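What follows is the residue order along each chain.
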Amino acid sequence: MSNNNSNYQPIFILPEDTKRTTGREAQRNNIAAAKAVAQTVRTTLGPKGMDKMIVDAAGDVIVTNDGVTILEEMQIEHPAAKMIVEVAKTQENIVGDGTTTAVVLAGELLKKAEDLLDQEIHPTVLARGYRLAEAQAQKILQSLGEKVSLDKEELLKNIAITAMTGKGAESNKDILAELILQAVKTVADKGRIQLEDIKVEIIVGESVEKSELVRGIVLDKERVHAAMPEQVENAKVALLDASLEIKNTEIDAKIQITDPMQLNLFLEQEEKTLRSMVETIAATGATVLFCQKGIDDLAQHFLAKKKILAVRRVKKSDMETLSRATGAKIVSNWKELNIGDLGTAGVVREEKVGQEEMILVEKCQNAKAVTLLVRGGTTHVAEEIKRAITDALGDIAAALKDGAVVAGAGAVEIELAKELRKYAGTLRGREQLAVQAFAEAMEVIPRTLAENAGLDPIDMLTQLRSAHDNGQTKAGVNVFTGGIMDAWAEGVIEPLKVKTLALSSAAEVAEMILRIDDVIMGKKQEMPRGNMDMGM
Ligand code: ADP
Ligand code: MG
């Protein structure tokens, strides 16, 4: 008998150390990983969400409530889990908010799918049902959108406040919302804003209420030489993205110095080159120089003599902002700089802001550039406030671009669930089950908002469902009183785009993960465990 068996030699089509899981096991493993990611950020959702403390390999500490920041810092390895992290990143890049929502939705869609898989419903049928549900959900969302525009100031402030609730900015949200509104109004062009026009700069060491809006650009830099002017009026601004140094490679170029005369000659040559760099720049009439790279000590000295205010190692993004604001062209070679490349600014000056010297570029040709100076007692506080403000700005930009907003606090999700259930009723068979599952998954948002606020989620959902059945389409979770509220009237407002994007990317990734029934891992990759220790 054993002889017979030896006829059935296993056939290896993959290298020996390849790990492979297939079928239900692969699916379970992937779903478990995706759910674990969702579970991790879930507790941060909403105004009563908790924060996470992340310590990276270098020992740096981040305290945050921001979904995408958490996931990026965690360095997740599991391939399916990474796909969920991608959802958060897309959400962050396109609208800048709603990252936790998107991830929690994706996790819940997969959890509901797992129940149906257990009932022997085929993953392709499920994926198709989810696709139908998603398309319908997008239509419903569009119908729920309310109009927003630049003149609706209260609404815009409420968008900012909603975005900041639960973040470190919470206690100063009114002051910050007002600053954000002013910034938005200053840079708005044809009713829209470009986020690049609003710079957010952090100053550590003072309280948040002291935050302010500067109409111009603030750089966390000093002028390179103490003999340079501290202030230049009617500045002619040059932007250079190359260094004002003699490159090392030029020195290395096989000069063999054999006697002191030659060394002197060489140094003289170097001085001459640096001098001619500065002279070329001064000849254009430039009075302020922003350099993206380094400036040699000797060049600094020559620049100071020419009364040019120079700043070095300016960030690329700041160079671009400066270019937009002053109208200057960024030039890559000092030899090519000419008068036509210069921009203008009413004043460029160095000033002590908080504990540090900063460079302020004000009264620019394009007055649309502003800087929000965010103050916070410590770096951790200031950084978290900056993240909250960035979310708020992203939300306002998205709302103005789309021209539509919806009621938050779970109101929109309950309405979606209700309408999707109706839609499921019009379908037959197993797809109906999938659409129903999708509808139920929407309720994870209000449920989590309630849970995070220490409320009874079942009780809350029952109340919300009946309010929506009675036509209160904007009823949401009141996380402060524990009851339900008219989210719109209470000013809990979010851009429609946050919801449409969260929904489409969550559905997309869920479908994609459902379709995978074979995981093949090449050499050297450890197969991650299905249930990771991330659940909190
Ligand atoms: P995300 O990363 O998804 O933006 P947040 O932690 O910012 O996660 O939470 C967003 C959720 O919190 C949204 O569903 C929003 O409607 C809700 N929310 C915001 N402010 C309030 C509030 N004052 N009351 C109830 N829910 C709120
Ligand atoms: Mg948010």
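J.: So what about unusual backbone geometry? Which residues, and what values?
T.: The bulk of non-glycine residues show a negative phi, and the bulk of peptide bonds are trans. Positive phi outside glycine occurs at Glu120, with the angle close to 65°. Relative to the helices and strands, Glu120 resides in the loop between α5 (99–118) and α6 (123–144). Of note in the backbone geometry, Asn234 takes a positive phi value of approximately 40° without being a glycine. The residue Asn234 is located in strand β8 (residues 231–240) in this model.

J.: Let's hear about the nonpolar core: which residues, and what values?
T.: The biggest cluster of nonpolar side chains holds 74 residues, and the ones touching the most others in it are Ile84, Leu126, Tyr130 and Phe438. Examining the composition of this core, we find that 10 residues originate from one element, α5, more than from any other. When residues no more than four places from it in sequence are discounted, the contact partners of Ile84 are Ala34, Val37, Val103, Ala106, Leu110, Val509 and Ile513. Within the second largest apolar cluster, 37 residues are counted, among which are Leu179, Val370, Ala399 and Val405.

J.: Explain helix α11 (residues 297–305) to me, using residue names and the numbers behind them.
T.: For α11, the complete set of buried residues consists of Ala299, Gln300, Phe302, Leu303 and Ala304. Where α11 is buried, its residues touch α10 (260–283), β9 (288–291) and β10 (309–311). Its side-chain oxygen 2.7 Å from the backbone nitrogen of Leu298, Asp296 forms the N-cap of α11. Directly after α11, the chain includes Lys307, whose backbone phi takes a positive value near 60°.

J.: Give a detailed account of the site of ligand 1, specifying residues and quantitative values.
T.: The immediate surroundings of ligand 1 are formed by 23 residues, with Asp97, Thr100, Thr101, Ala409 and Glu494 found nearest. Taking Gly98, its main chain carries an N or O atom lying 3.1 Å from an oxygen atom of ligand 1. Against a free-state accessible area of 580 Å², the protein chains account for coverage of 96% of ligand 1. The cavity that encloses ligand 1 is the second largest pocket. Those elements giving two or more residues to the shell around ligand 1 turn out to be α5 and α16 (444–452). Sorting elements by how many residues they give to the shell around ligand 1 places α5 first, with 3 residues.

J.: Give me the pattern of salt bridges: which residues, what numbers.
T.: For side chains of opposite charge, pairing can occur when their charged atoms come near one another. One pass over the structure, following the stated rule, counts 31 salt bridges. One salt bridge in this structure joins Arg28 and Glu114, with 3.8 Å as the shortest N-O distance. One end of the pair, Arg28, is in helix α2 (residues 23–42); the other, Glu114, is in helix α5, and 86 residues separate them in sequence. The exposure class assigned to Arg28 is partly exposed, which follows from its relative accessible area of 38%. A salt bridge links Glu443 to Arg421; its shortest N-O distance comes to 3.1 Å. Here Glu443 is found in the loop between α15 (429–442) and α16, whereas its partner Arg421 is found in helix α14 (residues 411–425), with 22 residues between them in sequence. Judged by relative accessible area, Glu443 falls into the buried class, the value being 3%.

Reading the values: rules and limits
- Residues numbered from 1 in each chain as written.
- Chains lettered and ligands numbered in written order.
- Predicted model: local features only at pLDDT ≥ 70, side-chain atom pairs only at ≥ 80, totals over all residues.
- Heavy atoms only, no water.
- Helix = DSSP H or I, 4+ residues; strand = E, 2+ residues; numbered from the N terminus.
- Core = buried A, V, L, I, M, F, W, Y, C linked by side-chain atoms within 4.5 Å.
- Buried < 20%, exposed > 50% of the residue type's maximum accessible area, 1.4 Å probe, protein only.
- Contact = heavy atoms within 4.5 Å.
- Polar contact = N/O pair within 3.5 Å; in protein donor to acceptor, adjacent residues only side chain to side chain.
- Near = heavy atom within 4 Å.
- Areas by Shrake-Rupley, 256 points an atom, 1.4 Å probe, with all protein chains shown as cover.
- 1 Å grid on protein atoms, 1.4 Å probe; cavity = no way out; pocket = protein on both sides within 12 Å on 5 of 7 lines; lining within 4 Å.
- Sits in = over half its atoms within 2 Å of the grid points.
- Salt bridge = Lys/Arg side-chain N within 4 Å of Asp/Glu carboxyl O.

Take it as geometry only, folks, not as evidence of what the structure does.
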